[in-house]
Amino acid sequence: MFKPLTAMMTSLTLVGTLLAAPAFAADKSILLQSTTSTANSGLYDYILPIFTDKTGIRVNVVAVGTGQAIKNAQNGDGDVLLVHAKSAEEKFVAEGYGVARFDVMYNDFIIVGPPSDPAGIAGSSDAVAAMKKIAASNSLFASRGDNSGTHKKEKSLWKAASVDTTAVSGNWYRETGSGMGATLNAAVGMGAYALTDRGTWISFKNKGDYKIVVEGDDNLFNQYGVILVNPSKHSHVKKAEGQAFIDWVLGDEGQSAIASYKLNGQQLFFPNAKH
Amino acid sequence: MPEAIAIAQARDAVAAKPAGEVSGLTYQAGGRFLIDSINLRIPGDGITVLMGPNGAGKSLLLRLMHGLLEATAGTVRWHGRGLDDDVRRQQAMVFQRPVLLRRSVAANIRFVLKLRGRSSDQQVEQILDEVGLGGRAAQPARLLSGGEQQRLTLARALVTEPKVLFLDEPTASLDPTSTAAIETIVRRASERGTKIIFVTHDLGQAHRLADDVVFLNGGRVAEHSPAATFFDAPASQAAADYLAGRLVLR
Amino acid sequence: MQDFSHAFTLAFGLVLTADADLLEIIALSLQVSLTAVLAACVIGLPLGTLVAVGRFRGRAAVVILLNALMGLPPVVVGLLIYLLLSNAGPLGWLRLLYTPEAMIIAQTVLITPIIAALSREVIEQLHQEYAEQFRSLSVPRAAAAAALLWDARYSLLTVALAGFGRAVAEVGAVIIVGGNIDHLTRVMTTAIALETSKGDLALALALGIVLITIALSVNAAVMALRLTATRYAYA
Ligand SMILES: Nc1ncnc2c1ncn2[C@@H]1O[C@H](COP(=O)(O)OP(=O)(O)OP(=O)(O)O)[C@@H](O)[C@H]1O
Ligand SMILES: [Mg+2]
């Protein structure tokens, strides 16, 4: 008769135990809010163990779009922010959410497209001119459409090319509203051009017969910044550990670690912290 | 008015202190009076057999007397008290279709023993022996045969040592051996002082068991007589027709 | 497509070599989803029983609500739990965001309505069979509820499995509240989402095959248990 009750109590205890057992409690760790493209490039897998070995501080990376990363950090859900959207980062600091912003490194964007190259832009190193041709030829273009750093970069290029994408969205301009990888999958699937960071592209496995069509434009450089989330806004921010990470990544050791990371023999990120 | 005479006769036959008193009992559903102002005095001991054609209201009357249904009007009293929780706890009912827990034979008995705050393995064993299910204790109850299931529900009802036991056609689909077994158990319970109210369509069974017979027709009591009177010289036309195997038209 | 055969080869390779990372992810997936199922049962079964057996005003509305909540979108649940657990949210002080516990909470919220609604259905059906007999035996309400839960235990196991299936397969909620952090909150589905976003469709599919195999194994194990037990206890 009372067996069900006993069973229920047992389950309750079990749940309690499972919840109470912090299976992955790390003594010293920080939470890094960063972007999908950076995480997917493999950079963190390479440099973070070096930092952890030296300091004993584990770095847990939450990889989301830049917009979401900044929003999460604003909510205090993270100790350090490492993204690539300079004006948004400066606003973040100006509004008191971050302590200070430092340049860390840069990488570059490229435009990839199908071998048929309907807009005739292959081999170009003028991004704005290429965007104009894509628009003029109504060639398909897959956009992140997620307010990420890459998306912001893309929008600034359309602006420079005087193309109003809102008018043609859903027509030849396709906003996927998702991450870089998902957007590339979509682009390859529908034969569209896409703007991507080089790191994601090199490690991307579903390239099909896609090629880089535009690269090497100064306009396509992409600056990364690092910011400590403001402990006076969110008291639980791990100030010492977070600052230790920032000091390291801006210092000689971190900077040379970044420079020595290579994917398929290519350097992806170029350290440029100012000392 | 033969029915009025019948009821008057029944009143004489019944023992001075009744176990149950039903007065003005009415149950209305779907605009029909399914039980229509029934008055009854159930004798204090022995076996009262309830008979009547299909749809007469026998099962409804049992449910109303046991407090499983709320009457539209009228009262039911047992040993001078209304149908409160205490009174109901001292009653038991065996339904026409056995409802058994999805547990072992013994666990079905233990379930009610625990409810009554008692539980002894000895008592479980004893009651199972009594209904001929000794040695089947560990078997899943719902794998028993129909007759065995009926005996188990009877055992489960008896183990609570009820003052009043209602049985709704408990042998309707059983073979002669199982039927005889159940009749024996019921008679023994009656001898130990449990008031039995037994619904059956089986005239032979009614003959064998009844001390008095209530004949129900169209939601009314057509006749309530001592068994001998009922079978030899039914006072109501309805009962006479029923006994003669003629269809009773409502 | 050569991706398919490649995926199967990869899946077998991953399992055969007992890849440490994969095992960690599988273990976390199971830990999170099984705990969520347990928690959802602890909440959902009594709730479902209450609705099944209870006679109260607004009961029909509660039944409709529970049934509708079975279709809760995981992303919405994830978002709600994120907003609650975020340091800027009301439960931020618990410091649970981006932990396995947060994922357990999200999945529990997601599947509790499933457990409650389905168990309501199961218990109500059994109650219809038992109700009159219980009333005749004067079984107190709580004891009746307990007896119904106990006697329906094998059907409720299937209910729990439905909840588990939903929990272990969802990605929308855990990726928001867990953050898909490597070695911390990465589970099968978020790993699949990650590999898909890297364009490694074959590896993603291989992980999917492993996930389906795990779900199959859990179901098979529970069903085998049920079969051996019911052969005896049920008619
Ligand atoms: N809840 C209800 N609502 C409407 N009608 C009902 C209800 N319960 C019973 N009835 C009707 O009341 C009548 C009497 O039913 P009852 O079950 O008491 O008959 P019975 O005398 O036991 O018949 P049988 O010999 O077939 O068992 C039937 O016509 C039945 O259809
Ligand atoms: Mg009947």
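Keep in mind the model is a prediction, meaning the values are calculated, not measured. Once a new chain begins, its residue numbering starts again from 1 and follows that chain's sequence as written. Written order decides the labels, with chains lettered from A and ligands numbered from 1. Local features are withheld for residues below a pLDDT of 70 in this predicted model, meaning they are given only at 70 or higher, and side-chain atom pairs are given and counted only at 80 or more; totals for whole chains, interfaces and linings count all residues. The side-chain values count all of the structure's non-hydrogen atoms but skip hydrogen atoms and water molecules.

**A short note on the overall build of chain A**
Our working rule: Where helices and strands are cited, they refer to DSSP runs of H or I of at least four residues and of E of at least two residues respectively, numbered from the N terminus. Working rule for contacts: check all heavy atoms of both residues, and any pair within 4.5 Å makes them a contact. Only the protein chains shown count as cover for residues, with accessible areas throughout obtained via the Shrake-Rupley method and a probe of 1.4 Å. Charge counting treats Lys and Arg as positive and Asp and Glu as negative, with His and both chain ends excluded. Throughout, a charge is located at the NZ atom of Lys, the CZ atom of Arg, the CG atom of Asp or the CD atom of Glu.
A count of helices and strands for chain A gives twelve helices and twelve strands. The principal-axis extents of the C-alpha atoms in chain A amount to approximately 75 × 60 × 40 Å. Expressed as a percentage of contacts within chain A between residues at least 6 apart in sequence, the contacts between residues at least 24 apart total 74%. Surface accessibility of chain A: about 11400 Å² in total, with carbon and sulfur atoms responsible for 54%. Chain A carries 25 positive and 25 negative side-chain charges, and their two centres are separated by 3 Å.

**Notes on the domain arrangement of chain A**
Note: interface size is frequently given as the accessible area lost on complex formation between the parts. Residue and element names in this part refer to chain A. Counted only if it meets this: Note that the domain bounds reflect an automated or database-derived domain assignment. Buried area is calculated as the accessible area (1.4 Å probe) missing from two parts once they are joined, with the contributions of both summed. For salt bridges, the criterion is a side-chain nitrogen of Lys or Arg within 4 Å of an Asp or Glu carboxyl oxygen. Polar contact is the term for a pair of N or O atoms within 3.5 Å; when the atoms are in protein, one must be able to donate a hydrogen and the other to accept it, and sequence-neighboring residues count only if both atoms are side-chain atoms.
As assigned here, chain A comprises domain 1 (2-107 + 223-271) and domain 2 (108-220). Here the C-alpha centroids of domain 1 and domain 2 sit 28 Å apart. Buried area between domain 1 and domain 2, summed over both chains or domains, comes out near 1200 Å², and the portion from carbon and sulfur atoms is 56%. Inspection of the domain 1/domain 2 interface yields zero salt bridges. Applying the counting criterion to the domain 1 and domain 2 interface returns one residue pair in polar contact (both at pLDDT 80 or more). Elements that contribute at least two residues to the side of domain 1 that touches domain 2 include exactly helix 2 (36-40) and helix 4 (66-74). The element that contributes the greatest number of residues to the side of domain 1 that touches domain 2 is helix 2, accounting for three residues.

**Notes on helix 4 (residues 105-115) of chain B**
Spelled out, the test is: Classification of residues uses two cut-offs on accessible area relative to the type maximum, computed with a 1.4 Å probe and protein chains only: under 20% is buried, over 50% is exposed, and between them is partly exposed.
For helix 4 of chain B, a buried count of nine out of eleven residues is recorded, marking the element as mostly surrounded by other parts of the structure. Along helix 4 of chain B, the residues that are buried comprise Val105(B), Ala106(B), Ala107(B), Asn108(B), Ile109(B), Phe111(B), Val112(B), Leu113(B) and Leu115(B). In this structure, the buried residues of helix 4 of chain B make contact with helix 3 (85-89), helix 5 (121-130) and helix 6 (146-158) of chain B together with helix 5 (100-136) and helix 6 (141-151) of chain C. Once helix 4 of chain B ends, the next one or two residues include Gly117(B), with phi positive near 75°.

**Structural notes on the sheet that holds strand 3 (residues 47-51) of chain B**
Residues and elements named next belong to chain B. Here is the rule: Pairing between strands is defined by DSSP: at least two bridges between them are needed. Axis geometry follows a simple rule: fit a line to the C-alpha atoms, using only the stretch in contact for helices, then measure angles between N-to-C directions, giving values from 0 to 180 degrees.
What the six strands build is an open sheet, ordered 5-6-7-3-8-9; its pairing is mixed. Looking along the sheet, the strands with just one partner apiece sit at the ends: strand 5 (91-94) and strand 9 (220-226). Looking at each pair of strands side by side, their axes are set apart by 15° on average, direction ignored. As paired strands, strand 3 and strand 8 (residues 212-217) are joined by four bridges and run parallel to one another. Looking across to strand 8, one finds that Thr48 is bridged to Asp212. Across the sheet, helix 7 (residues 176-191) lies against strand 3, strand 6 (164-168) and strand 7 (195-199), angled at about 150° from strand 7, the strand it touches most.

**Looking at the packing of helix 2 (residues 20-53) of chain C against helix 7 (residues 153-169) of chain C**
Residue and element names in this part refer to chain C. Applicable threshold: An angle below 35 degrees is treated as roughly parallel, one above 145 as roughly antiparallel, one from 65 to 115 as roughly perpendicular, and anything else as oblique. If you view the pair so one helix is near and one far, a crossing is left-handed when the near helix is turned anticlockwise from the far one by less than a right angle, and right-handed when it is turned clockwise.
It is at 9 Å that the axes of helix 2 and helix 7 come closest, and there the two elements cross at 135°. With respect to helix 7, the element helix 2 is oriented oblique. Helix 7 is crossed by helix 2, and the crossing has right-handed handedness. Here Leu30, Ser33, Leu34, Val37, Cys41 and Leu45 of helix 2 lie close against helix 7, whose contacting residues are Leu156, Ala160, Gly163, Phe164, Ala167 and Val168.

**Details of the pairing of strand 5 of chain B**
Each regular strand shows side chains that alternate between the opposite faces of the sheet. Residues and elements named next belong to chain B. Here strand 5 shows no split at all, with Gln91 and Met93 on one side and Ala92 and Val94 on the other all buried. Bridge analysis of strand 5 against strand 6 gives four bridges, and the strand direction is parallel. Its bridge partner lying in strand 6, Met93 is registered against Phe166.

**Topic: the environment of Arg208(B)**
Residue and element names in this part refer to chain B. Looking at the element boundaries, Arg208 is found in helix 8 (residues 203-209). Residue classification places Arg208 among the partly exposed positions, given a relative accessible area of 44%. For the pair Arg208 and Glu130, spaced 78 residues apart in the sequence, the C-alpha separation amounts to 20 Å. For Arg208, the residues in contact, after removing those within four places along its chain, are Thr179, Glu183, Arg187 and Asp202. Here Glu183 takes part through its side chain, which lies 2.7 Å from a polar atom of the side chain of Arg208.

**With respect to empty space enclosed by the protein**
All names here are of chain C. Just so we agree on the cut-off: Put plainly, a pocket is an open set of points on a 1 Å grid over the protein atoms alone with protein on both sides within 12 Å along at least five of seven lines, a cavity is a set where a 1.4 Å probe fits but cannot get out, and a lining residue has an atom within 4 Å of a point. Grid points are joined across faces, edges and corners, and a volume is the space filled by probe spheres set on the points. Three classes are used: nonpolar for Ala, Val, Leu, Ile, Met, Phe, Trp, Tyr, Cys and Pro, charged for Asp, Glu, Lys and Arg, and polar for all others, with Gly counted as polar.
As enumerated under the stated definition, the model contains five cavities of 30 Å³ or more in all. Its volume calculated, the largest cavity comes out at about 60 Å³. As for the largest cavity, its lining consists of ten residues, and the residues nearest its centre are Glu24, Ile25, His183, Leu184 and Arg186. Partitioning the lining of the largest cavity into residue classes produces four nonpolar, two polar and four charged.

**Here we look at the environment of Asn222(A)**
All names here are of chain A. Tracing the backbone through its elements, the reader meets Asn222 in strand 9 (residues 221-229). Residue class for Asn222 comes out buried when judged on its relative accessible area of 5%. Spatially, the C-alpha atoms of Asn222 and Tyr193 are 19 Å apart, while their sequence positions differ by 29 residues. Each residue touching Asn222, except ones within four places of it in the same chain, is listed here: His84, Met105, Tyr106, Asn107 and Phe109. A polar contact of 2.7 Å, which involves the side chain of Asn222, links it to the side chain of Asn107.

**Brief notes about the packing of aromatic side chains**
Two aromatic rings, taken as a pair, are described by how far apart their centres are and by the angle between their planes. Residues and elements named next belong to chain A. The condition that has to hold: Only rings of Phe, Tyr and Trp enter the pairing, Trp through its six-membered ring, and a pair is recorded when the two centres are within 6.5 Å. The plane angle decides the type: under 30 degrees is stacked, over 60 is edge-to-face, the rest tilted. Working rule: Lys NZ or Arg CZ, within 6 Å of ring centre, within 35 degrees of ring normal, means a charge sits over the ring.
Taken as a whole and assessed by the stated rule, the structure comprises 19 aromatic pairs over all chains. Here the aromatic rings of Phe141 and Trp158 are separated by 5.1 Å at their centres, their planes lie at 80°, and the arrangement is edge-to-face. Linking Phe141 in strand 5 (residues 141-143) with Trp158 in helix 7 (residues 149-160), this pair joins segments that are 17 residues apart in sequence. Neither residue differs from the other here; Phe141 and Trp158 are each classed as buried. Taken together, the ring pairs connect Phe141, Trp158, Trp172 and Tyr173 into an aromatic cluster. Taking NZ or CZ as reference, Lys207 lies 5.4 Å from the ring centre of Trp201, over its face.

**Some details on the pattern of salt bridges**
Applying the stated criterion to the full structure yields 26 salt bridges over all chains. Between Glu132(C) and Arg63(B) there is a salt bridge, with the nearest N and O atoms lying 2.5 Å from each other. Of this pair, Glu132(C) sits in helix 5 while Arg63(B) sits in helix 2 (residues 58-66), placing the two residues on different chains. On the accessibility criterion, Glu132(C) (28% relative accessible area) is partly exposed. With a shortest N-O distance of 3.0 Å, Glu129(C) and Arg142(B) are connected by a salt bridge. Placement of the pair is Glu129(C) in helix 5 and Arg142(B) in the loop between helix 5 and helix 6, with the two residues belonging to separate chains. By relative accessible area, which is 21% here, Arg142(B) ends up partly exposed. A cluster of three or more residues bridged by salt bridges with shared partners is formed by Glu89(A), Arg101(A), Asp103(A) and Lys274(A).

**Here we look at the sheet that holds strand 4 (residues 73-78) of chain B**
Residue and element names in this part refer to chain B. Strand order across the open sheet formed by three strands is 2-1-4, with antiparallel pairing between neighbours. Of all the strands in the sheet, just strand 2 (32-43) and strand 4 have a single pairing partner and so form its edges. Ignoring which end each strand starts from, the neighbouring axes of this sheet average 15° apart. Strand direction decides the pairing type here: strand 1 (residues 18-29) and strand 4, joined by five bridges, are antiparallel. Within the sheet, the bridge partner assigned to Gly20 lies in strand 4 and is Trp78. Against the sheet, helix 2 engages strand 1, strand 2 and strand 4, with an angle of about 60° to strand 2.

**A closer look at unusual backbone geometry**
Its identity is not glycine, yet Asp117(A) carries a phi of approximately 45°, on the positive side. With respect to the element layout, Asp117(A) can be found in the loop between strand 4 (98-113) and helix 6 (127-136). Of note, Ser138(C) is a non-glycine position whose phi angle comes to about 55°, a positive value. Inspection of the secondary structure assignment puts Ser138(C) in the loop between helix 5 and helix 6.

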